[in-house]
Amino acid sequence: MREIAAHAGVGSATLHRHFRTKSDLIDAIGIQCIDEMNVAVRAHSVKGQLAVDRLRGMFEAVIPLGDRYNFLGTFRTQDSSIEEGYSAQLRWAISLVEELKQQGVVHGDIPTRWIVAQIDQLVWAAWNGIAEGYLKPEEAPELAVRTLLFGLR
C-alpha cells in the first residue's frame, strides 16, 4: 500500500483512510472498471444498429480502457457488485452473440458462451498487446473484430 500511495502522490495514512486493505482498493478499482466499461459500451451501442457494428463499437469503446485496468486480470475478487456487474456484461454479450448468429455473421452451431469467451479474451489480448507495445491502440479494435469473425486466415 505504501508503494501505491507513493505512485498516487498521497500519504499512506490518506490511502488507508479510504481503503483498509489492498483488496479493498482493488475491489473499488474493479467496480470503477465495470462502470466505465458499461458507460463506454452503452455510448457505442445504438438501437437498431447491426450486431456486427455494435461488436465493433464495443471493442472501440472497451480497448482504450486497458491502460488503466489491464492489471485487474491478475486479481480475483469476492465483491458481489463486481460479480453482478460482470454478469450483466455477460448477459449483454450473450444477447449480442445471439444477434450475430441470427444475422448470419457467426455460425449458429458454435456455442454462444464459447463466442462470448473469445470476445472476452480478445479484449484482454488487445489490452496486453498495447501494454507490451507490439499492438497500436488504433489498430486493436479492428484486429479484434477480424480475429473473431474470420479467424487467423
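Residues numbered from 1 in each chain as written. Predicted model: local features only at pLDDT ≥ 70, side-chain atom pairs only at ≥ 80, totals over all residues. Heavy atoms only, no water.

Another aspect to go through is the environment of Arg56. You can see Arg56 is positioned in helix H4 (residues 51-62). For the pair formed by Arg56 and Ser81, sequence separation is 25 residues and the distance between their alpha carbons is 27 Å. Leaving out residues up to four positions away in the same chain, Arg56 has contacts with Glu142 and Val145. (Helix = DSSP H or I, 4+ residues; strand = E, 2+ residues; numbered from the N terminus. Contact = heavy atoms within 4.5 Å.)

Moving on to the packing of helix H6 (residues 80-102) against helix H7 (residues 112-132). The contact between H6 and H7 brings their axes to 9 Å, and the two run at 115°. Both H6 and H7 take part in a crossing whose hand is right-handed. Mapping the contact onto sequence places Tyr86, Leu90, Ala93, Ile94, Val97, Glu98 and Lys101 in H6 and Thr112, Arg113, Ile115, Val116, Ile119 and Asp120 in H7. Split by residue class, the contact of H6 with H7 holds eight nonpolar, one polar and four charged. (Axes fitted to C-alpha atoms, helices over the stretch in contact; angles between N-to-C directions. Left-handed = near helix turned anticlockwise from the far one by under 90°. Nonpolar A, V, L, I, M, F, W, Y, C, P; charged D, E, K, R; others polar.)

Here the focus is the pattern of salt bridges. A complete count under the given rule lists five salt bridges for this structure. In this structure, Arg68 engages Glu36 in a salt bridge whose closest nitrogen and oxygen atoms are separated by 2.4 Å. With a gap of 32 residues between them, Arg68 in helix H5 (residues 66-69) and Glu36 in helix H3 (residues 22-43) connect regions that are remote in the sequence. Residue Glu36 is classed as partly exposed on the basis of its relative accessible area, which comes to 24%. When the shortest N-O distance is used, the salt bridge between Asp53 and Arg56 registers 3.7 Å. Taken as a pair, Asp53 and Arg56 lie in helix H4 at a separation of three residues, close to a single helical turn. Residue Arg56 is classed as partly exposed on the basis of its relative accessible area of 22%. Each of Glu36, Asp67 and Arg68 takes part in a single network of salt bridges with overlapping partners. (Salt bridge = Lys/Arg side-chain N within 4 Å of Asp/Glu carboxyl O. Buried < 20%, exposed > 50% of the residue type's maximum accessible area, 1.4 Å probe, protein only.)

Helix length check: H7, at 21 residues, gives a terminal C-alpha distance of 30 Å against a target of 30 Å (1.5 Å per residue), a fit within 8%. Considered for burial, the residues of H7 that qualify are Thr112, Ile115, Val116, Ile119, Leu122, Val123, Ala126, Trp127 and Gly129. Gly133 sits one or two positions beyond H7 and adopts a positive phi of about 90°. (Expected span 1.5 Å × (residues − 1).)

Formed by 33 residues in total, the largest nonpolar core has its most connected members in Leu55, Met58, Phe59, Ile119 and Trp127. Where this core is concerned, the elements lending two or more residues are H3, H4, H6, H7 and helix H8 (140-150). Here this core takes seven residues from H7, the largest share from any one element. When near neighbours in sequence (up to four residues on either side) are disregarded, Trp127 contacts Cys33, Met37, Val62, Ile63, Leu65, Gly66, Tyr69 and Asn70. (Core = buried A, V, L, I, M, F, W, Y, C linked by side-chain atoms within 4.5 Å.)

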